[in-house]
Structure formats: structure tokens, C-alpha cells
Amino acid sequence: MRFGEWMAVTLSAEQLFEIEKHARALLNSKDAGTMAVALYKQACYQQQLLQQAVNEIARLECELMGR
């Protein structure tokens, strides 16, 4: 992996579908609106980015231990 590639959020088609499905359910809910949808999508992307960061840290630590 080249430097910084882990910072680009990569979601599978299934994950994107699930996010969109939940976002539309929020949009159609009488208790939520467009702000809730935006916050939900942002939280999903941040969660994925955090997971990718943890994976990158683990990879770098393994690389250091291998030396």
C-alpha cells in the first residue's frame, strides 16, 4: 500500500447499499430528517476510516516486529 492510501474511505457495494437503505428509512421517518441522514452517513464513513486507520497501525506494527 502506498503512503496515505488507507485514508481514502473504501466501502463495498453491500455497505453502500445498507447505508443508503438506512438513510432512506431515516428520511421517511417523521422523527428524523435530512440532518439525521447526513449525520448517519458521516458516522458510517468515520467508522470505516477509523477501522482503516487501526488496520494500518497494526500493519505497521507487524512490519516493525518483523525486522
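Just so it is clear, the structure is predicted and the values come from calculations on it, not from any experiment. (Residues numbered from 1 in each chain as written. Predicted model: local features only at pLDDT ≥ 70, side-chain atom pairs only at ≥ 80, totals over all residues. Heavy atoms only, no water.)

A. Structural view of the packing of helix α1 (residues 13-28) against helix α2 (residues 34-65). Packing of α1 against α2 brings their axes to within 8 Å, and their N-to-C directions diverge by 155 degrees. The orientation of α1 relative to α2 falls into the category roughly antiparallel. The interaxial crossing formed by α1 with α2 has right-handed handedness. For the pair α1 and α2, the contacting residues are Gln 15, Leu 16, Glu 18, Ile 19, Glu 20, His 22, Ala 23, Leu 26 and Leu 27 in the first and Thr 34, Ala 36, Val 37, Tyr 40, Lys 41, Cys 44, Tyr 45 and Gln 48 in the second. (Axes fitted to C-alpha atoms, helices over the stretch in contact; angles between N-to-C directions. Helix = DSSP H or I, 4+ residues; strand = E, 2+ residues; numbered from the N terminus. Parallel < 35°, antiparallel > 145°, perpendicular 65-115°, else oblique. Left-handed = near helix turned anticlockwise from the far one by under 90°. Contact = heavy atoms within 4.5 Å.)

B. Spatial organisation of the pattern of salt bridges. Applying the stated criterion across every chain, the model contains five salt bridges. With its nearest N and O atoms 3.4 Å apart, the salt bridge here joins Glu 18 to Lys 21. Placement of the pair is Glu 18 and Lys 21 together in helix α1, with a separation of three residues, close to one helical turn. What makes Lys 21 partly exposed here is its relative accessible area of 42%. With a shortest N-O distance of 3.3 Å, Glu 20 and Lys 41 are connected by a salt bridge. Residue Glu 20 is found in helix α1, and its partner Lys 41 is found in helix α2; the two are separated by 21 residues along the sequence. Under the relative-accessibility criterion, Glu 20 is labelled partly exposed at 29%. (Salt bridge = Lys/Arg side-chain N within 4 Å of Asp/Glu carboxyl O. Buried < 20%, exposed > 50% of the residue type's maximum accessible area, 1.4 Å probe, protein only.)

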